[in-house]
Amino acid sequence: MSHLPELRYPSVAEIVSSASALTAHRPDLCVLRQVGASRAGRPLHLLSVGHARHAVLVVAGAHANEPTGGSTLLSLAERVLYRRELRRDTSWHFLLCADPDGASLHVTPAPRTLLDYHLGFFRPAGPEQPEWSPSVLPPDRLPPETRALTRVIDEVRPYLQVTLHGTDLGGSWVQLTKDIPGLAEPFAKSAAELRIPVETAASDAAGWPASGPGVHVMPAPGSDAAYPSMPDDARHSTWYHAHRYGGLTAVVEVPMWASDLVDDPAPHPAPAAAMRRLADRLVTDADQVEAVLGRALPRLRGPDGPLLRAAKWALALVPGLAADWSQPPLVDTTMAYVGSVDAFGRRIPLRAASMLLRVLQETGDREAPRLERLVADWSDSFAERFRARWVPLENQVEHQARTVMAAARHARDGAA
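Worth saying up front: this structure is predicted, and the values here are computed from it rather than measured. (Residues numbered from 1 in each chain as written. Predicted model: local features only at pLDDT ≥ 70, side-chain atom pairs only at ≥ 80, totals over all residues. Heavy atoms only, no water.)

**Q** Any chance you could explain the pairing of strand β4 (residues 91-95) here in plain terms?
**A** In the case of a regular strand, side chains alternate between the two sheet surfaces. Most of β4 sits inside the fold, with five of its five residues counted as buried. Two strands pair when backbone bridges link them, and strand β2 (residues 43-49) and β4 are joined in this way by four bridges, in the antiparallel orientation. By the bridge assignment for β4, leucine 47 is matched with phenylalanine 94. The pairing of strand β3 (residues 55-59) with β4 spans five bridges and is classified as parallel. If you follow alanine 55 over to β4, its bridge partner there is serine 91. A crossover links β3 with its parallel partner β4, the connecting element being helix α2 (residues 68-82), and its sense is right-handed. (Buried < 20%, exposed > 50% of the residue type's maximum accessible area, 1.4 Å probe, protein only. Helix = DSSP H or I, 4+ residues; strand = E, 2+ residues; numbered from the N terminus. Pairing = 2+ DSSP bridges. Right-handed = clockwise from strand over helix to strand, strands pointing away.)

Here you go:
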């Protein structure tokens, strides 16, 4: 856990600068343009490479705390530019960062440990996330980042949209809005070569059918959700916007720190008891953060900023989620699934505590030292429980890029 990443995650400005350099190098193939602006007025940029009618759209930066996508996007853009076969019958479009406001608030470009990562942590509340907001907001209240993204989809009509996501600790997995036959094999091969575990039963895809280990296909709209309390439903997100043009979306997740505990397909010996314990711990941990918030809140003046809104939103998820986990578990519950839920249950209160800590530190509140100790203890126990090992950034990027190219190839073959 103490190994410094060989490379740091680039800022949005650095990503834009690199895209500008590619465009200047090959103006005959590349176009870089602004396609919208954030709520705070930051520009949203789209880099297009190639002129073919069939299109792939790659989206980075939808979640500010998942920084690998920016590096992967630049790697993909260079490969497409210099490898003619990748753009022979496909044009590629890269949304450089879907949430530049969020990126400005997540300030851990080179985390040495999970504690470093969480001390600069930010992930906006669900209604403020570009891809997720349509699942919780009416159309007339969608943020400008969401409207810009859907306009891009309407314009390029991709047969494949790929959105680059990641996790702090765990394994790699893919979520598909429609199956891509043939993707599971190259995905698994890449993960094995790069020593990245495959998250075979990700809690994000609980109850979904799988076309191969770690490759999950979203259920059709109208299907029952595994966690009914969760306010956001992937089937109402921007991921489904490409379907109106006959396309589909692949969500490619890659970990910063790996854990083999999420790659164990063995049946869990006592899943119901394990899930109840995880639900109880989730509530207990969240109660500790709520108690700090309750004591500090009278001293916090003015409207809630994005950090405090996000912390409150995360805490509000806890009662319903704990109730979901207390229900009879899924059939054939595996060790990997319980491990994934364990990680999920640790993340929610830790993230809320981390964002609240930043608010209290900015105001000099007397509760900050107490909360800082809690964030440190939880970060360390998270890493220790899951035997976390750093995945070199070049491996994160290589695996994500390989998976994107495989998805583009197999989805194109399926659409032909």
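**Q** For this particular structure, what's the right way to read helix α6 (residues 184-193)?
**A** Three- or four-residue spacings in an α-helix give side chains the same orientation, since the helix completes a turn every 3.6 residues. Those residues of α6 not exposed but buried are Ala184, Phe187, Ser190 and Ala191. Buried positions in α6, seen along its axis, are confined to an arc of 135° and lie on one side of it. Relative to its buried face, α6 has exposed residues pointing more than 90 degrees away, namely Glu185, Lys189 and Ala192. Phi turns positive, to about 55°, at arginine 195, one or two residues after α6. (Arc of directions from axis to C-beta.)

**Q** Is there a simple way to explain the nonpolar core in this structure?
**A** Within soluble globular proteins, side chains that are nonpolar generally end up buried alongside one another. Counting 61 residues, the largest nonpolar core has Tyr227, Trp257, Trp325, Leu356, Leu360 and Leu371 as its most contacted members. Among the elements of the structure, α4 (114-119), β9 (248-258), α7 (271-296), α8 (306-325), α9 (335-363), α10 (368-385) and α11 (393-415) are those that each provide at least two residues to this core. Looking at this core element by element, the count peaks at 15 residues for α9. If you count residues domain by domain, this core takes at least three from each of domain 1 (12-260 + 390-414) and domain 2 (271-386). Residues Val198, Ala250, Ala408 and Ala411 belong to the second largest nonpolar core, which totals 45 residues. (Core = buried A, V, L, I, M, F, W, Y, C linked by side-chain atoms within 4.5 Å. Domains from an automatic or database assignment.)

**Q** How should I be thinking about the pattern of salt bridges in this particular structure?
**A** Between side chains of opposite charge, pairing is possible as soon as their charged atoms come close. Per the counting criterion, the structure on display carries 23 salt bridges. Residue aspartate 89 pairs with arginine 412 through a salt bridge whose shortest N-O separation is 3.9 Å. With aspartate 89 in the loop between α2 and β4 and arginine 412 in helix α11, this residue pair connects regions lying 323 residues apart in the sequence. Accessibility expressed as a relative area gives 16% for arginine 412, which makes it buried. In this structure, arginine 299 engages aspartate 365 in a salt bridge whose closest nitrogen and oxygen atoms are separated by 2.8 Å. (Salt bridge = Lys/Arg side-chain N within 4 Å of Asp/Glu carboxyl O.)

**Q** Looking at this structure, I do not really get the environment of alanine 52. What am I missing?
**A** When you line up the elements, alanine 52 lands in the loop between β2 and β3. Linking alanine 52 and leucine 315, residues 263 residues apart in sequence, is a C-alpha distance of 46 Å. Ignoring anything within four residues of it in the chain, the contact list for alanine 52 reads Asp89, Thr90 and Ser91. (Contact = heavy atoms within 4.5 Å.)

**Q** I'm lost on the side chain of glutamine 175 in this one. Help?
**A** Here glutamine 175 lies in strand β6 (residues 173-176). Only 3.2 Å separates the side chain of glutamine 175 from the side chain of glutamate 253, close enough to count as a polar contact. (Polar contact = N/O pair within 3.5 Å; in protein donor to acceptor, adjacent residues only side chain to side chain.)

**Q** Which parts of the structure should I look at to understand α10?
**A** In this model α10 runs 25 Å from its N-terminal to its C-terminal C-alpha over 18 residues, within 8% of the 26 Å that 1.5 Å per residue would give. All buried positions along α10 are accounted for by Ala368, Leu371, Leu374, Val375, Ala376, Trp378, Ser379, Phe382 and Ala383. Those residues of α10 hidden inside the fold are in contact with α4, β5 (160-170), α7 and α9. Note on α10: the residue one or two positions beyond its end, arginine 387, has a positive phi of about 50°. (Expected span 1.5 Å × (residues − 1).)

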